Amino acid sequence: MEVLREIAAAKYLQEYRVIAALLAEEVRLRRALAQLDRQVRTAHTTLADTVGAQSIGGDVLWQVWVGRTRRDLNLQLAKVMASKEPAMAGLRRSFGRRVALDRLIVSEADGRRRMAARRFEQDLIAFRS
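Residues numbered from 1 in each chain as written. Predicted model: local features only at pLDDT ≥ 70, side-chain atom pairs only at ≥ 80, totals over all residues. Heavy atoms only, no water.

1. Things to note about a nonpolar patch on the surface
A contiguous nonpolar patch, built from Met1, Val3, Leu4, Ile7 and Leu104 and spanning about 470 Å² of accessible area, is present on the exposed surface. It is helix 1 (residues 2-49) that contributes the most residues to the nonpolar patch, three residues altogether. Inspection of the secondary structure puts Leu104 in helix 3 (residues 58-128). (Patch = residues over 30% accessible without salt bridge, like charges linked within 9 Å, V, L, I, M, F, W, Y side chains within 5 Å. Areas by Shrake-Rupley, 256 points an atom, 1.4 Å probe, with all protein chains shown as cover. Salt bridge = Lys/Arg side-chain N within 4 Å of Asp/Glu carboxyl O. Helix = DSSP H or I, 4+ residues; strand = E, 2+ residues; numbered from the N terminus.)

In structure tokens form, the structure reads like this:
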């Protein structure tokens, strides 16, 4: 049973590492999107003050870059979010197996103790008789 417990714990840790990596990537992408939003807000005021950038199409190029970057980041984030749900299901499943196995091991140990106590009691009764 101890081997099964170790296997269940190893499987849980494997699933946990997958989720941890996905969550870290999600955080990175969300921060990148927030940074892009801050850059856009800053650029609006800067481009509004710079007439020359507008006259040569710098503002249009900026908007194209922002749109492409936002689309790419959102696409990456969508892929991470799509991967996250099945990974969470696997983590929940492996956690449930681990908990069930732990309960089974505890229950089995309790049963052995009760059986040992009964045998001891029966031996005492037989000894007294």
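That was the structure; now back to the text.
2. Quick word on the packing of aromatic side chains
One pass over the structure, following the stated rule, counts three aromatic pairs. Both rings, one in Tyr12 and one in Phe95, keep their centres 5.7 Å apart while their planes meet at 50°; by these two values the pair is tilted. Of this pair, Tyr12 sits in helix 1 while Phe95 sits in helix 3; the two residues are 83 residues apart in sequence, bridging distant segments of the chain. When its relative accessible area of 44% is taken as the criterion, Phe95 is described as partly exposed. Their ring planes at 25° and their centres at 5.3 Å tell us that Trp62 and Trp65 sit as a pair that is stacked. (Phe/Tyr/Trp six-rings, centres within 6.5 Å; stacked < 30°, edge-to-face > 60°. Buried < 20%, exposed > 50% of the residue type's maximum accessible area, 1.4 Å probe, protein only.)

3. With respect to the pattern of salt bridges
Overall, the coordinates contain 10 salt bridges when judged by the stated rule. As a salt-bridge pair, Arg71 and Asp72 come within 3.5 Å of each other at their nearest N and O atoms. Overall, the relative accessible area of 33% leaves Asp72 in the partly exposed class. For the salt bridge of Asp110 with Arg113, the shortest nitrogen-to-oxygen distance reads 2.6 Å. Of this pair, Asp110 and Arg113 both sit in helix 3, three residues apart, roughly one helical turn. Residues joined in a network through salt bridges with shared partners are Glu26, Arg30 and Lys84.

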